[in-house]
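# Structural description and commentary
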Amino acid sequence: MQSSTSNAPDLKGRKILIVDDDRLNLRILSGILRPDGYTLAEADSGERALEVYAQFRPDLVLLDVMLPGLNGFETCRVLHQTYGAETAPVIFITAKSESDDVVEGLAAGGIDYLPKPFRPKEALARIRTHMHNRLLVEQQRLLVEQLNKADAAKNRFLGMAAHDLRNPLASIRALSEFLRDGAVGAMSDEQIDLVKTIHTASQQMLDLVNELLDVATIESGEMKLSLEPNDLAEIINKSVYLANIEAEKKKTLITFDARRPPILVKLDAAKIKQVIDNLLSNAVKYSPPGSQITVDLTANDNGCSFAVRDQGPGIPDNERDKLFKDFGRLSARPTGGEKSVGLGLAICLKIVEAHGGTIIAENLPPPAHGCEFRVILSAT
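If you're wondering where the values come from, they're calculated on a predicted model, not measured in any experiment.

### Topic: the packing of helix α2 (residues 46–56) against helix α3 (residues 72–83)
The N-to-C vectors of α2 and α3 enclose an angle of 30°; their axes lie 10 Å apart at closest approach. The pairing of α2 with α3 is recorded here as roughly parallel in orientation. Crossing hand, α2 versus α3: right-handed. Judged by residue contacts, Gly46, Ala49, Leu50, Tyr53 and Ala54 of α2 engage Thr75, Val78, Leu79 and Tyr83 from α3.

### Observations concerning empty space enclosed by the protein
Evaluated as defined, the whole model comprises one cavity of 30 Å³ or more. Roughly 30 Å³ of volume is contained in the largest cavity. Lining the largest cavity are Leu114, Pro115, Phe118, Arg119, Glu122 and Ala123. Broken down by secondary-structure element, the contributors of at least two residues to the lining of the largest cavity are β5 (112–115) and α5 (120–180). Tallied by class, the residues present in the lining of the largest cavity amount to four nonpolar, no polar and two charged.

### Side note on the sheet that holds strand β7 (residues 253–256)
A sheet is described by the order of its strands in space; here five strands give the open sequence β7-β9-β10-β12-β11, paired in mixed fashion. Strands at the two margins of the open sheet, each flanked by one partner only, are β7 and β11 (358–363). Averaged over neighbouring strand pairs, the angle between their axes works out to 15° when direction is ignored. Bridge count for strand β10 (residues 303–309) against strand β12 (residues 371–378) is seven bridges, and the pairing is antiparallel. Counted as the bridge partner of Arg309 is Glu372 from β12. Its contacts with the sheet put helix α8 (residues 269–286) on β7, β9 (292–300), β10 and β12, and the angle it makes with β10 is roughly 25°.

Parameters and conventions
Residues numbered from 1 in each chain as written. Predicted model: local features only at pLDDT ≥ 70, side-chain atom pairs only at ≥ 80, totals over all residues. Heavy atoms only, no water. Axes fitted to C-alpha atoms, helices over the stretch in contact; angles between N-to-C directions. Helix = DSSP H or I, 4+ residues; strand = E, 2+ residues; numbered from the N terminus. Parallel < 35°, antiparallel > 145°, perpendicular 65-115°, else oblique. Left-handed = near helix turned anticlockwise from the far one by under 90°. Contact = heavy atoms within 4.5 Å. 1 Å grid on protein atoms, 1.4 Å probe; cavity = no way out; pocket = protein on both sides within 12 Å on 5 of 7 lines; lining within 4 Å. Points joined across faces, edges and corners; volume = space filled by probe spheres on them. Nonpolar A, V, L, I, M, F, W, Y, C, P; charged D, E, K, R; others polar. Pairing = 2+ DSSP bridges.

Here's what the structure looks like:
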């Protein structure tokens, strides 16, 4: 059977700075640590410790509390003020064990105490534990950096792929419209059906490509907002008018009372229109044919909000965590065979959050059926 230390990280070569004005203590600690393969540096005062630290950049500091000049607590504070989150863990060396000293050491930024006289096995165990923790933190930081680089590369790839695909897809859609409308002569019913299929498929693919491009732009931090005062009621009214043209295909009606004074909000009109269009499209997509979808808009001194209420199946409680995530598709399916890849709501949330707002999704209380998506925008 393998020993429990066989899978422990290799700590040989890891650097430890020992700070103590007592030469005997320096020799004792060096004798305890060298067999484990640590690289050691020494200092006999707080001021000297700061100089050695800057050059040596240790992975761990063993710091005596009682030092000439700067004491251990003050030295530890200076290290944290200088190096912040990058400061190596500090273990205090002390002959004292009073709780006040322990509290002061922890408040100064220390992580542990090493009592005098030294007990070699205990000292090694404590040091190994903190070195292992330090190594894990470094590995985690490296992993996060690698993931960030991979995510950035993914966004660049998505952006380039989406950009290169968008133009030919738009051309296919436009050409199918020419054919469908008889621009090159009469076609048989079977040919018209094929052209309509091409048009529908190319439109669905173009929508997906545009959504992928939006996600890549937002996640890469390249989305720029053009914030200007706009009448939110007018933006909603125009979106409702256009959405009703599509909704009519399912005998669905979208209602919005546009007879109100202008509600001026500082926002990016194109981006907020994209949010409204997406919420309306989802409402039509998931509501049964013949439904009524309601849009309302309210404003007060703190800001404004608008809501889209549908008559769909609502949000299952166990699927709420998927709602605003990329590719987060719920078990509910569109009622007219429409396609959905689960990017629309994620894009909506990111746009609204970029405006300093939020989206709330709630199931409507009985006896109503459906769901309400409310976008809240602050006045500032």
